[in-house]
Amino acid sequence: MPDTKMKLMGTTTKKDTVDNTPCEHRARMKRLEAAEQLAARGARGEFDAAAAAHTAAKQARREGLD
């Protein structure tokens, strides 16, 4: 099992694997927090205007090609 963790973490020794574990955990927690914040922004509709603008621009491009 340690060899699998070493491969996943890109380390070559068990010591490096153990030393990097707290850093990996912090990074994972930061990514999770960022994803949760992004999901909350989406739930509040913060991206609706941007999505509508993108759709309108896409439609305008299509109409310009016809």
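Residues numbered from 1 in each chain as written. Predicted model: local features only at pLDDT ≥ 70, side-chain atom pairs only at ≥ 80, totals over all residues. Heavy atoms only, no water.

**Student:** What am I meant to see in the overall build of the protein chain here?
**Tutor:** When helices and strands are counted, the protein chain shows three helices and zero strands. Its helices and strands taken in sequence order, the protein chain reads α-α-α from the N to the C terminus. By the compact-globule yardstick of 11 Å for 66 residues, the protein chain is too spread out, its C-alpha radius of gyration being 22 Å. Taken along the three principal axes of its C-alpha coordinates, the protein chain extends 60 × 30 × 15 Å. Surface accessibility of the protein chain: about 5800 Å² in total, with carbon and sulfur atoms responsible for 59%. (Helix = DSSP H or I, 4+ residues; strand = E, 2+ residues; numbered from the N terminus. Rg over C-alpha atoms; globule rule 2.2 N^0.38 Å. Areas by Shrake-Rupley, 256 points an atom, 1.4 Å probe, with all protein chains shown as cover.)

**Student:** Sorry, what's going on with helix α2 (residues 14-43) here?
**Tutor:** What sets the pattern is the α-helix's 3.6 residues per turn: residues three or four places apart point alike. Between the first and last C-alpha of α2 there are 42 Å, a value that for 30 residues agrees with the 44 Å anticipated at 1.5 Å per step. In the structure, α2 departs most strongly from a straight axis at T21, where the bend amounts to approximately 40 degrees and where the proline P22 lies between one and four residues downstream. Where α2 ends, the next residue or the one after it, G45, has phi of about 85 degrees, a positive value. (Expected span 1.5 Å × (residues − 1). Bend = angle between axes of the 7 residues up to and from the residue.)

**Student:** Where do I start with the side chain of T17 in this structure?
**Tutor:** Mapped onto the elements of the fold, T17 is located in helix α2. Sequence-distant contacts of T17, defined by excluding residues within four places in its chain, comprise K5, M6, M9 and T11. (Contact = heavy atoms within 4.5 Å.)

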